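# Structural description and commentary
Take a look at the letters that make up each chain.
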Amino acid sequence: MDNPLAPERQRTLGLRRLGLRAGRWLGMGRMWTRGLVDLALPPICMACRAAVGEPGCLCAPCWSRVRFIERPYCDRLGIPLTHEYETFGTTGPVVSEAAFARPPAYGRARAVAVFGDVSRDIIHALKYADRLDVAAPMARMMARAGADILAEAGALVPVPLHPLRLWKRRFNQSMLLARGVAAASGVPVRADWLRRARATTPQVGLDRAARAQNVAGAFIVPETMRAELRGRRLVLVDDVLTTGATIDACAKALMRAGALRVDVLVFARVVDGHDTPIS
Ligand SMILES: [Zn+2]
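Residue numbers here run from 1 along each chain, matching the order of that chain's written sequence. In keeping with the predicted nature of the model, local features appear solely for residues at pLDDT of at least 70, side-chain atom pairs appear and are counted solely at 80 or more, and the whole-chain, interface and lining totals rest on all residues. Side-chain measures here rest on the full set of heavy atoms in the structure, leaving out hydrogens and waters.

Rule in force here: UniProt positions are given in the numbering used here, feature names are shortened, and annotations may be inferred rather than shown by experiment.
The name given to the chain in an unreviewed UniProt entry is ComF family protein, with the source organism recorded as Ancylobacter tetraedralis. What the UniProt record of the chain gives under Sequence similarities (unreviewed entry) is the line "Belongs to the ComF/GntX family."

Rendered as C-alpha cells:
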C-alpha cells in the first residue's frame, strides 16, 4: 500500500507550510518596519498625509470637514439630534424617534464622528494602508466620545474578524482600537469572549434585511467564557457602525450568554442622509 508519491507530496506540503509561515513573519516584519519609518518621518495628517505639527492629528482642512458628534445626541443610537429635539432647558438623555422605531439590540452607542469622507479616509488608512500609527489617536478620541459608557464598563470586546480575514489582513483593526481605548480608560480588553462562528460575505452592497440575514448567528460566546462574562457590562468596539447588523448580532450573542448590558463604541457611525461606507 506504499504510495511512491507520498514523500514528495509531504515535502511539497511542508514547503508550502513553511512558505505560509515565512509570509506571516515577513508581514509582521513589514508592519514593524513601517512603524519605525513612521516614527522617523515628520508627522502626517491621519487622513490625507499632509504634514502636520505633531503625530496623531488632522491637518486644518481635514479637521474642518469632520462632523464630530457632540451633545445633544440620541442616548441609544448616538446620532446627532436636530434642533427639533431641543429640550428647552430639560437636562438628561434624549432618545430619537429612530431608536423607538427600530430599537437596537445594544444599549447605547457612542461615536467620535459622523461617517464622511475624512473619517472614511482615517479608517481606510488603518485597515488597508498599514497606517497603524492612526490607531492610538483614534482610540483616544473614542475614549473621550464614550466616556459615559466606559465609566460603567467591565470589559471591552472587539468585534472579531474571521480567522481567514485576520490572516489576510494580519491584524484586527477593532482589536487595535480596543487596546487603545483600554490604555486611555483602564477598562480591560476581553477579545476571547466573542468569536466568529462562520465567515460572512462582506456587507458591501447589501440592504438592511440582507445584512441582518448575512450575520445572523455568525458570532458565538465560547462556552468556557460564559461564567466569567455573566452579569458584566460590556462595550463592543469597532471602527464603523453602519446599519448596525453586525453590532446587533454581536450584542445579541453577548446578551444571550448572560451579559448584563452591551454598549457600543465606534470611531464613525453612518447617519441617514450621509455617506455610507464602501467597505
Ligand atoms: Zn488632512
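### Some details on the environment of arginine 165
Applied cut-off: Starting at the N terminus, helices and strands are each numbered in turn, a helix being any DSSP run of H or I of at least four residues and a strand any DSSP run of E of at least two.
Structurally, arginine 165 is set in helix H7 (residues 163-169). Spatially, the C-alpha atoms of arginine 165 and alanine 199 are 8.6 Å apart, while their sequence positions differ by 34 residues.

### Description of the coordination of the zinc ion
To keep things clear, this is the line we draw: Counted as coordinating are nitrogen, oxygen and sulfur atoms within 2.8 Å of the metal, or 3.2 Å for Na, K and Ca, while water is not included, which may make sites look incomplete. Irregular is the default label, applied whenever a site is not tetrahedral (four donors, all angles between 85 and 135 degrees) and neither square planar nor octahedral (four or six donors, opposite donors over 155 degrees apart, all other angles between 65 and 115).
Surrounding the zinc ion are the protein donor atoms Cys45 (SG), Cys48 (SG), Cys59 (SG) and Cys62 (SG), which sit 2.3 Å from the metal. Metal-centred angles of 102 to 116° between the four donor atoms at the zinc ion mark the site as tetrahedral. We note that the donor set of the zinc ion lies within a single chain, spaced as C-x2-C-x10-C-x2-C. Here cysteine 48 is found in the loop between helix H1 (6-40) and helix H2 (60-65), whereas its partner cysteine 62 is found in helix H2, with 14 residues between them in sequence.

### Some details on helix H11 (residues 245-256)
Quick reminder of the rule: In this analysis, the expected span of each helix is defined as 1.5 Å times one less than the number of residues it contains. Note on exposure labels: buried denotes an accessible area under 20% of the residue type's maximum, exposed denotes more than 50%, and partly exposed covers the range between, all computed with a 1.4 Å probe on protein chains only. Any two residues whose heavy atoms approach within 4.5 Å at even a single point are treated as in contact.
In this model, H11 (twelve residues) spans 16 Å end to end at C-alpha, consistent with the 16 Å of a helix rising 1.5 Å per residue. Within H11, nine of the twelve residues are buried, which leaves the element mostly enclosed by the surrounding structure. Three or more residues of H11 are buried, namely Ala245, Thr246, Ile247, Asp248, Ala249, Cys250, Ala251, Ala253 and Leu254. Taken together, the buried residues of H11 touch strand E3 (195-196), helix H9 (208-215), strand E4 (219-220), helix H10 (226-229), strand E5 (233-241) and strand E6 (261-269).

### Section: the environment of alanine 113
The topology assignment puts alanine 113 in strand E1 (residues 109-114). Overall, alanine 113 belongs to the buried group, its relative accessible area being 1%. On a C-alpha basis, the gap between alanine 113 and arginine 67 in space is 5.5 Å, while along the polypeptide they are 46 residues apart. For alanine 113, the contacting residues outside a window of four places in its chain are Val66, Arg67, Phe68, Ile69, Phe267, Ala268 and Arg269.

### Let's talk about the pattern of salt bridges
Here is the rule we go by: The salt bridge definition used is simple: a Lys or Arg side-chain nitrogen within 4 Å of an Asp or Glu carboxyl oxygen.
Using the criterion set out here, one finds 15 salt bridges in the structure. Residue arginine 170 pairs with aspartate 130 through a salt bridge whose shortest N-O separation is 3.0 Å. You can see arginine 170 sitting in the loop between H7 and helix H8 (173-185) and its partner aspartate 130 sitting in the loop between helix H4 (117-128) and helix H5 (135-145), a full 40 residues away along the chain. We classify aspartate 130 as buried; its relative accessible area is 18%.

### Some points on the side chain of arginine 110
Inspection of the secondary structure assignment puts arginine 110 in strand E1. If sequence neighbours within four positions are ignored, arginine 110 has contacts with Tyr73, Cys74, Asp75, Gly78, Ala145, Gly146, Asp148, Ile149, Val264, Leu265 and Val266.

### Digging into the packing of H5 against H8
The line we're drawing: To obtain each axis, a line is fitted to C-alpha atoms, and for helices this fit is confined to the stretch in contact; angles are then taken between N-to-C directions over 0 to 180 degrees. Any angle between 65 and 115 degrees counts as roughly perpendicular, while under 35 counts as roughly parallel, over 145 as roughly antiparallel, and the rest as oblique. For a crossing to be left-handed, the near helix must be turned anticlockwise from the far one by less than a right angle; the clockwise case is right-handed. Under the convention adopted here, Pro, Cys and the residues Ala, Val, Leu, Ile, Met, Phe, Trp and Tyr are nonpolar, Asp, Glu, Lys and Arg are charged, and Gly plus all remaining residues are polar.
One way to put it is that H5 packs onto H8 with a least axis distance of 8 Å and a crossing angle of 55°. Judged on the interaxial angle alone, H8 and H5 are oblique. Crossing angle aside, the handedness with which H5 passes H8 is right-handed. Here Ala135, Met138, Ala139, Met142 and Ala143 of H5 come into contact with H8, specifically with Leu176, Leu177, Gly180, Val181 and Ala184. Residue composition of the contact of H5 with H8, by class: nine nonpolar, one polar and no charged.

### Here we look at H5
Turning to H5, its buried residues number three or more, namely Ala135, Pro137, Met138, Ala139, Met141, Met142 and Ala143. Buried residues belonging to H5 abut E1, H4, helix H6 (147-151), H8, E5 and E6.

### Notes on the confidence of the model for the chain
Low-pLDDT portions of the prediction should not be read for the details of their coordinates. Note the threshold: Every residue is assigned a pLDDT by the predictor, reflecting its confidence on a scale from 0 to 100.
The predicted model of the chain averages 84 in pLDDT, with 80% of residues at 70 or higher. The low-confidence segment residues 1-15, where pLDDT is below 50, has zero contacts with residues more than four positions distant or belonging to other chains.

### Digging into the side chain of arginine 196
Worth spelling out the cut-off: The charged-residue count follows a simple rule in which Lys and Arg add positive charge and Asp and Glu add negative charge, with His and chain termini not counted at all. Between N or O atoms, a polar contact is any pair within 3.5 Å; within protein, one atom must be a potential hydrogen donor and the other a potential acceptor, and residues adjacent in sequence are included only when both atoms are from side chains.
Note on placement: arginine 196 falls in strand E3. It is aspartate 238 that comes nearest to the buried, bridge-free arginine 196 among opposite-charge side chains, at 6.8 Å. Polar contacts involving the side chain of arginine 196 include one to the main-chain carbonyl oxygen of proline 160, which spans 2.8 Å.

### Re the sheet that holds E1
In plain terms, the rule: Here, any two strands with at least 2 DSSP bridges between them count as paired.
Strand order in this open sheet of four strands is E1-E6-E5-E2, and the pairing throughout is parallel. Looking along the sheet, the strands with just one partner apiece sit at the ends: E1 and strand E2 (155-158). Each strand of the sheet is rotated relative to its neighbour by a mean of 20°, with strand direction disregarded. Taken strand by strand, H4 contacts E1, E5 and E6, and its axis lies near 100° from that of E6. Across the face of the sheet, H11 comes into contact with E5 and E6 while running at roughly 165° to E5.

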